[in-house]
Amino acid sequence: MLENDPRFKTIEREGIAVMVRDGQEYDAEVDFDGMSLQVWEGGWALVRLILEERIQVKGLKVMEIGAGVGTAAIACTQQGADCVTATEYNPVALKVMERNFFSLNELPQQRISVEHLDWSTPPVSSALYDIVIGADLIFTSQIPPLLLKAIDNHLSPTGSFYITHQLRYTLVSTPRGPEKETVDSAFEGFKKILTENSWTFTVTPVEWEACPDDDIVLIEGKR
């Protein structure tokens, strides 16, 4: 049982309790993609935006993609979303989300569900959503076209997507020593593919006290 597995721990933040992966040593049985069993700072920033109603979800149909352990989906349910579908590729994360939703946070099963989703394959459901949300999803150059395809497959024609992203910089050598390169190439690739496909979008900085030296942004878009 997951609750007795020493590889996991339960944390509480922003008023939400979630089980997450404990420790840094890689374990192939549970770590699958090595990323989805943690909550990154962009994820907590997304939760805050939802709880403070800067992203309005009340009465709406919401899908979270790349949901990880489901923190933003929990926040949407708490804020009155009509129904929430939390999707993930990692099968262990799907089990963790079920525990987080129904055991730790006692959410109503008629309003929140968990589904497997592979961005690279056609959708198994024709359901469309008013809002698609996600956090810290864009970390390699291969992701932007797959991410846009997943959004496009599940967003209603009049819907909007909201994705928080912690800008990732690499160090480059300069005469003054190592400095941060000011371009996040994967994120720039996502903006480029949105423009090429005639999506309207804005990128807004998100003030986030947990990492004041790093930039977290919210990208909001629609067709």
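Above this text you will find the structure in question.
What counts as what
Every chain is numbered on its own, with residues counted from 1 as its sequence reads. The predicted origin of the model limits local features to residues at a pLDDT of at least 70 and limits the giving and counting of side-chain atom pairs to 80 or more, whereas totals for whole chains, interfaces and linings rest on all residues. Where side-chain values are given, they derive from all heavy atoms of the structure, hydrogens and water being excluded. Orientation is described by axes fitted as lines to C-alpha atoms, over the contacting stretch for helices, and by angles from 0 to 180 degrees between their N-to-C directions. Note on conventions: DSSP H or I runs of at least 4 residues are helices, E runs of at least 2 residues are strands, and numbering of each starts at the N terminus. Throughout this description, any angle smaller than 35 degrees is read as roughly parallel, any larger than 145 degrees as roughly antiparallel, any in the 65 to 115 degree range as roughly perpendicular, and the remainder as oblique. Less than a right angle of anticlockwise turn of the near helix away from the far helix marks a crossing as left-handed, whereas a clockwise turn marks it as right-handed. Residue contacts are defined here by distance: any two heavy atoms, one from each residue, within 4.5 Å place the two residues in contact. Burial classes follow relative accessibility: with a 1.4 Å probe on protein chains only, a residue under 20% of its type's maximum area counts as buried, one over 50% as exposed, and anything between as partly exposed. In protein, a polar contact requires one atom able to donate a hydrogen and another able to accept it; more generally it is a pair of N or O atoms within 3.5 Å, and residues adjacent in sequence count only if both atoms are side-chain atoms. For two strands to pair, DSSP has to find at least two bridges joining them. Handedness of a crossover: with both strands directed away from the viewer, a clockwise path from the first strand across the helix to the second marks it as right-handed. Just to be clear on terms, a salt bridge is a Lys or Arg side-chain nitrogen sitting within 4 Å of an Asp or Glu carboxyl oxygen. We call Asp, Glu, Lys and Arg charged. Ala, Val, Leu, Ile, Met, Phe, Trp, Tyr, Cys and Pro are nonpolar, and the rest, Gly among them, are polar.

## A short note on the packing of helix 5 (residues 143–154) against helix 6 (residues 185–196)
- It is at 9 Å that the axes of helix 5 and helix 6 come closest, and there the two elements cross at 50 degrees. Taken as axis vectors, helix 5 and helix 6 run oblique relative to one another. Of the two elements, helix 5 crosses helix 6, and the hand of that crossing is right-handed. Contacts from Pro144, Pro145, Leu147, Leu148 and Ile151 in helix 5 reach Ala186, Gly189, Phe190, Ile193 and Leu194 in helix 6.

## Quick word on helix 3 (residues 71–78)
- Burial of helix 3 is extensive: 7 of the 8 residues sit out of reach of the surface.
- After helix 3 finishes, the residue glycine 80 shows a positive phi value of roughly 90 degrees.

## Some details on the side chain of threonine 85
- Position of threonine 85 relative to the elements: it lies in strand 4 (residues 83–88).
- For threonine 85, a relative accessible area of 6% puts it in the buried group.
- One polar contact links threonine 85 to tyrosine 129, side chain to side chain, over a distance of 2.9 Å.
- Those residues in contact with threonine 85 that sit more than four places away from it in its chain are Val62, Met63, Glu64, Ser113, Glu115 and Tyr129.

## A short note on the pairing of strand 6 (residues 129–135)
- Counting buried positions along strand 6 gives 6 out of 7 residues, so the element sits mostly inside the fold.
- Here 3 bridges tie strand 3 (residues 61–64) to strand 6, and the two strands are oriented parallel to one another. Bridge assignment links glutamate 64 to a residue of strand 6, and that residue is isoleucine 133.
- Alignment of strand 6 against strand 7 (residues 155–166), held across 6 bridges, turns out to be parallel. Each bridged residue has a counterpart across the sheet, and for isoleucine 131 the counterpart in strand 7 is serine 160.
- In this view, the connection linking strand 6 to its parallel neighbour strand 7 by way of helix 5 has right-handed handedness.

## Brief notes about helix 2 (residues 41–51)
- Counting buried positions over the 11 residues of helix 2 gives 9, a clear majority of the element.
- Of all the positions in helix 2, only Gly42, Gly43, Trp44, Ala45, Leu46, Val47, Arg48, Leu49 and Ile50 are classed as buried.
- Where helix 2 terminates, the next one or two residues include glutamate 53, which has phi positive at roughly 65 degrees.

## Structural notes on the pattern of salt bridges
- Per the stated rule, a full pass over the model turns up 5 salt bridges.
- One salt bridge in this structure joins arginine 13 and glutamate 41, with 2.8 Å as the shortest N-O distance. Pair noted here: arginine 13 is in strand 1 (residues 8–13) and glutamate 41 is in helix 2, with a separation of 28 residues, a long-range link.
- A relative accessible area of 27% places arginine 13 in the partly exposed class.
- Judged by relative accessible area, which is 22%, glutamate 41 ranks as partly exposed.

## Some remarks on the packing of helix 2 against helix 3
- The N-to-C vectors of helix 2 and helix 3 enclose an angle of 5 degrees; their axes lie 9 Å apart at closest approach. Considering their axes alone, helix 2 and helix 3 lie roughly parallel with respect to each other. Side by side, helix 2 and helix 3 meet where Trp44, Leu46, Val47, Ile50 and Leu51 of the first sit next to Thr71, Ala72, Ala75, Cys76 and Gln78 of the second.
- Grouping the amino acids of the contact of helix 2 with helix 3 by side-chain chemistry returns 8 nonpolar, 2 polar and no charged.

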